[in-house]
Amino acid sequence: MVNASLNWASFVGIALAASGAGLYALRSLRPRLARDHDIFFAAIALLCGGILFFQGWRLDPILQFNQFCWRVQQSSLLMKVFACVERLPSKQNGIPRSWMTNAL
């Protein structure tokens, strides 16, 4: 039996699953930003989002608010990381040029 209702936990679950799908789609849309370990994090986000959507009705309001605050904080850190990755210098063979010149 599938028991799902629309509450804060299910909204957070939908957003988390959508961000996991977006992270997976990032590999084809903007491959410069994508990393190999993003597949792992996309799968975890999809799994956790599905669990929150289908089992979120069991959470009491304090735990739902905790999940909401945690996801907001996690999203803000993710946006900071993407902003920093976009500003990185171009790489050659996966190693930044500044590291290659310093090593020689």
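Note that the structure is a prediction, hence the values are computed from the model and not measured.

Engineer: It is not clear to me how a nonpolar patch on the surface should be interpreted in this structure. Could you clarify?
Structural biologist: On the surface, Leu-6, Trp-8, Phe-11, Ile-14, Phe-65, Phe-68 and Val-72 cluster together to form a nonpolar patch covering roughly 760 Å² of accessible area. Looking at the nonpolar patch, the elements with two or more residues in it are α1 (8-29) and α3 (61-86). Along the chain, Ile-14 falls in helix α1. What makes Ile-14 partly exposed here is its relative accessible area of 43%.

Engineer: Mind showing me how you'd approach helix α2 (residues 38-55) here?
Structural biologist: Given 3.6 residues per helical turn, the α-helix brings residues three or four places apart onto the same face. Compared with an ideal rise of 1.5 Å per residue, which puts 18 residues at 26 Å, α2 spans 25 Å between its outermost C-alpha atoms and is within 8% of the ideal. Buried residues belonging to α2 abut α1 and α3.

Engineer: How should I be thinking about the packing of α1 against α3 in this particular structure?
Structural biologist: Geometry of a packed helix pair, given as the angle between the helix axes and the separation of the axes. Interhelical geometry of α1 versus α3 gives an angle of 20 degrees and a closest axis separation of 9 Å. Relative to α3, the element α1 is oriented roughly parallel. The crossing of α1 and α3 is left-handed. Facing Trp-8, Ala-9, Val-12, Leu-16, Leu-23 and Leu-26 of α1, the residues of α3 in contact are Gln-64, Gln-67, Phe-68, Arg-71 and Phe-82. Partitioning the contact of α1 with α3 into residue classes produces eight nonpolar, two polar and one charged.

Reading guide: rules and limits
Residues numbered from 1 in each chain as written. Predicted model: local features only at pLDDT ≥ 70, side-chain atom pairs only at ≥ 80, totals over all residues. Heavy atoms only, no water. Patch = residues over 30% accessible without salt bridge, like charges linked within 9 Å, V, L, I, M, F, W, Y side chains within 5 Å. Areas by Shrake-Rupley, 256 points an atom, 1.4 Å probe, with all protein chains shown as cover. Salt bridge = Lys/Arg side-chain N within 4 Å of Asp/Glu carboxyl O. Helix = DSSP H or I, 4+ residues; strand = E, 2+ residues; numbered from the N terminus. Buried < 20%, exposed > 50% of the residue type's maximum accessible area, 1.4 Å probe, protein only. Expected span 1.5 Å × (residues − 1). Contact = heavy atoms within 4.5 Å. Axes fitted to C-alpha atoms, helices over the stretch in contact; angles between N-to-C directions. Parallel < 35°, antiparallel > 145°, perpendicular 65-115°, else oblique. Left-handed = near helix turned anticlockwise from the far one by under 90°. Nonpolar A, V, L, I, M, F, W, Y, C, P; charged D, E, K, R; others polar.

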